[in-house]
Amino acid sequence: MTGDARLPVGVLTGSLGSGKTTLLRQWLQDSPAAETAVLINEFGAVGLDHLLVGRIDADTVLLDNGCICCAIRGELKEALWRLHQRRERGELPAFQRVLIETTGLAAPGPVIATLIGDAQLRQVFRPAHVATVVDALHAATHAQRPEWQAQVAAADRLYLSKTDLARPQDAEALRAQLARLNPLAVLGNSRQALPAWQEQPVQESNWLARAIAGTPRSRKGQEPHGSIQAFCLELDGPVDWCALTLWLTWLLHRHGERVLRLKGLVAVAAEGWPQGQPTVLHGMGHLMHAPEHLAEWPGGDGRSRLVFIASGLNGQQVDDSWQSFQRFFAQDNGAQPGAAPGPAAFH
Ligand SMILES: Nc1nc2c(ncn2[C@@H]2O[C@H](COP(=O)(O)OP(=O)(O)OP(=O)(O)O)[C@@H](O)[C@H]2O)c(=O)[nH]1
């Protein structure tokens, strides 16, 4: 017990597609919804995580105008303050904590710095924990990014995800690497992770030191996310599943290393496909995860869309590719794979 009446704010971080929302969903399923206010930050202007987390209510806030570690720190402050005011006025349940899910591109240092450095926020909120999800399958690639190192360095809990997909020896080597990089953090598996707020605080936290550790040095004077951009491809649905998966296979075959993250919510037309149930797609690099089906359309607007976070690939290129693929598919539906023109024809 801290004896501190301020509301604890936890930070859930980890690389793009590492499994943050999956873990958040798991945590929220196991605790009363009204206890936790959730703030979800997405890099792109079209967020999906707030829909996928399975809670669309007043105390789930989406910050989708940019990254909270750089572009929209002011909005983070405002969002936290608004949550506090609405709680005080009884417009929201008297939640007991706030959880911030950062974008995978965010370094947690500036988020902690906002919590400890702002006199107004400091009266009401206190930082509670930083939990970082580490993708065991993509760790070698992610580790090259400065924000990954900052996310690992600032954490008090490191949760490995996708150990079911990674080679056991790679997961073991990653555990050893993480223990070297951040010996104070508790290491666990994301699938077994209890909600961080149910865990004992693991260390006498020096939040200033962690804010510093969680801020990449290379950022000074640089555009933090370089050429990375987010864009959304709206699909006229229902979408032919064969066409979509064939196109995605080709797109990722050709441009996978430029696609840092792909998320989709799609109404699918295919025989035997559950009608009215949207399909959720997750991809990163050359990999697509198995599609998931939702029981109903979250948010109610029913628009099919694919959200990309990419570097060296823009929305126009992807849109052109999809349009030309659709023309090919409409003319040649049912063509044998050998008759198809191949990925390069659509780029
Ligand atoms: N096999 C396997 N898949 C996982 C695991 N954790 C997450 N995933 C899958 O990884 C994909 C991305 O998971 P998310 O939870 O959306 O990842 P995220 O970190 O929230 O993604 P962003 O918010 O875009 O950065 C989904 O298809 C998940 O089902 C895991 O431990 N094992």
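Relevant structure appears above.
For clarity, every value in this text was computed on a predicted model and none was experimentally measured.

**Overview of helix α1 (residues 20-29)**
1) Next: The buried fraction of α1 is high, at 7 of 10 residues.
2) Next: Taken together, the buried positions of α1 are occupied by Lys20, Thr21, Leu23, Leu24, Gln26, Trp27 and Leu28.

**As for the nonpolar core**
One recurring pattern in soluble globular proteins is that nonpolar side chains are buried together.
1) Next: Of all hydrophobic cores here, the largest spans 27 residues; its most connected members are Leu244, Trp247, Leu306 and Phe308.
2) Next: For this core, the secondary-structure elements that each account for two or more residues are β8 (228-235), α10 (241-255), β10 (259-266), β15 (304-311) and α11 (315-331).
3) Next: With 8 residues, the single largest contributor to this core is α10.
4) Next: When near neighbours in sequence (up to four residues on either side) are disregarded, Trp247 contacts Leu233, Leu306, Phe308, Val318, Ser321, Trp322 and Phe325.
5) Next: Counting residues in each nonpolar core, the second largest holds 26 residues, with Val9, Ala37, Val111 and Leu121 among its members.

**Quick word on the layout of surface pockets**
1) Next: Here the second largest pocket defines a volume of roughly 630 Å³.
2) Next: What lines the second largest pocket is a set of 36 residues, and nearest its centre among them are Gly17, Ser18, Gly19, Thr22 and Lys162.
3) Next: Secondary structure elements with two or more residues in the lining of the second largest pocket: α1, α2 (49-52), β10, β12 (279-284) and β15.
4) Next: With 6 residues, the single largest contributor to the lining of the second largest pocket is α1.

**Brief notes about the site of the ligand**
1) Next: What surrounds the ligand is a group of 20 residues, the closest being Lys20, Thr21, Thr22, Arg261 and Lys263.
2) Next: Measuring from an oxygen atom of the ligand, one finds a side-chain N or O atom of Lys20 at 2.7 Å.
3) Next: One of the side-chain N or O atoms of Glu101 is found 3.5 Å from an oxygen atom in the ligand.
4) Next: The fraction of the free accessible surface of the ligand (660 Å²) that becomes covered by protein chains is 92%.
5) Next: Among the detected pockets, the ligand sits in the second largest pocket.
6) Next: Secondary structure elements with two or more residues in the shell around the ligand: α1 and β10.
7) Next: Among the residues making up the shell around the ligand, the classes are represented as 2 nonpolar, 9 polar and 9 charged.

**Some details on the side chain of Thr132**
1) Next: Here Thr132 is to be found in strand β5 (residues 125-135).
2) Next: Reaching out from Thr132, the side chain makes a polar contact with the backbone oxygen of Gln151 at a distance of 2.8 Å.
3) Next: Once you skip the residues sitting within four places of it in the chain, Thr132 turns out to touch Thr13, Gly14, Gln151, Val152, Ala155, Arg157, Leu158 and Tyr159.

**Quick word on the side chain of Asp118**
1) Next: Secondary-structure assignment places Asp118 in the loop between α4 (108-117) and α5 (119-124).
2) Next: For Asp118, the side chain forms a polar contact with the side chain of Lys77, separated by 3.2 Å.
3) Next: Here the side chain of Asp118 touches Leu121 through a polar contact of 2.9 Å, landing on its backbone nitrogen.

**With respect to the pairing of β10**
1) Next: Summarising burial for β10: 7 of the 8 residues are buried, a large majority.
2) Next: Two elements, β10 and β15, share 6 bridges in a ladder whose sense is antiparallel. Among the inter-strand pairings, Leu265 is bridged to a residue of β15, identified as Arg305.
3) Next: In terms of strand pairing, β10 meets β12 through 5 bridges, oriented antiparallel. Bridged to Leu262 within β12 is Gly283.

**Topic: the packing of α10 against α11**
1) Next: Interhelical geometry of α10 versus α11 gives an angle of 130° and a closest axis separation of 11 Å. What the angle tells us is that α10 and α11 run oblique. Where α10 crosses over α11, the handedness of that crossing is right-handed. Between α10, through Cys242, Ala243, Leu244, Leu246, Trp247, Trp250 and Leu251, and α11, the contact on the second element is made entirely by Val318, Ser321, Trp322, Phe325 and Phe329.

Each value, and the rule that gives it
Residues numbered from 1 in each chain as written. Predicted model: local features only at pLDDT ≥ 70, side-chain atom pairs only at ≥ 80, totals over all residues. Heavy atoms only, no water. Buried < 20%, exposed > 50% of the residue type's maximum accessible area, 1.4 Å probe, protein only. Helix = DSSP H or I, 4+ residues; strand = E, 2+ residues; numbered from the N terminus. Core = buried A, V, L, I, M, F, W, Y, C linked by side-chain atoms within 4.5 Å. Contact = heavy atoms within 4.5 Å. 1 Å grid on protein atoms, 1.4 Å probe; cavity = no way out; pocket = protein on both sides within 12 Å on 5 of 7 lines; lining within 4 Å. Points joined across faces, edges and corners; volume = space filled by probe spheres on them. Near = heavy atom within 4 Å. Polar contact = N/O pair within 3.5 Å; in protein donor to acceptor, adjacent residues only side chain to side chain. Areas by Shrake-Rupley, 256 points an atom, 1.4 Å probe, with all protein chains shown as cover. Sits in = over half its atoms within 2 Å of the grid points. Nonpolar A, V, L, I, M, F, W, Y, C, P; charged D, E, K, R; others polar. Pairing = 2+ DSSP bridges. Axes fitted to C-alpha atoms, helices over the stretch in contact; angles between N-to-C directions. Parallel < 35°, antiparallel > 145°, perpendicular 65-115°, else oblique. Left-handed = near helix turned anticlockwise from the far one by under 90°.

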